[in-house]
Amino acid sequence: MYKWISNFLHNRTARVKLDGKCYSKQVIMKEGVPQGSAISPTLFLVYINDITSAITPYVKRTLHADDFAIWNTAEYATTAKVRVQATVDKVFKWSQDWGLTINLNKTVTTKFSLKTKEQRIPQPSWESHSISGSPGNHISRRSTKKPYAGPKL
């Protein structure tokens, strides 16, 4: 199995083709998994599965295909922000270690609060890049929604 997967991922080439005509020279693909193959999503999931090891205590997470979400609930928004930022920092290190780039254009934060006064809490940042997000949403005490901050891989 290992040899088959290795052969599947190495010495691959690609070129641009449109309407049956070639429009580019053949190039060697050095990274990624082939698009459109049945096994590529599984290989990608195996590759990123240990991203959950980057989660700090008190922070929850979920991973669905290439969508990764983290959240934290705390009495104080500053506590939640510190916890989420610590996890974002560890996810950044994990992505560097594994050679993955996080798409900051698809990375967002949302803060939910039971407090009626607006709280000025800085957004989490990704290696000095601020992560876009909403300033906060007031929700009723009956809501079960939790704060969310998660990169999309």
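In this report, the structure presented in the accompanying data block is examined. (Residues numbered from 1 in each chain as written. Predicted model: local features only at pLDDT ≥ 70, side-chain atom pairs only at ≥ 80, totals over all residues. Heavy atoms only, no water.)

1. Re the overall build of the protein
Then comes step 1: When you go through the protein residue by residue, the secondary structure sums to 3 helices and 13 strands.
Then comes step 2: Within the protein, the fraction of its 153 residues that count as buried is 26%.
Then comes step 3: In the protein, the proportion of contacts linking residues at least 24 apart, taken out of those at least 6 apart, comes to 57%.
Then comes step 4: When the accessible surface of the protein is split by element, carbon and sulfur atoms take 55% of a total near 11000 Å². (Helix = DSSP H or I, 4+ residues; strand = E, 2+ residues; numbered from the N terminus. Buried < 20%, exposed > 50% of the residue type's maximum accessible area, 1.4 Å probe, protein only. Contact = heavy atoms within 4.5 Å. Areas by Shrake-Rupley, 256 points an atom, 1.4 Å probe, with all protein chains shown as cover.)

2. Side note on the pattern of salt bridges
Two side chains with opposite charge may pair up if their charged atoms get near one another.
Then comes step 1: Tallied over the entire structure, the rule returns 1 salt bridge.
Then comes step 2: Measuring nitrogen to oxygen at the nearest pair gives 3.0 Å for the salt bridge that ties D97 to K93. With D97 and K93 both in helix α3 (residues 77–98) and 4 residues apart, the pair spans about one turn of that helix.
Then comes step 3: Its relative accessible area of 52% is what places D97 among the exposed residues. (Salt bridge = Lys/Arg side-chain N within 4 Å of Asp/Glu carboxyl O.)

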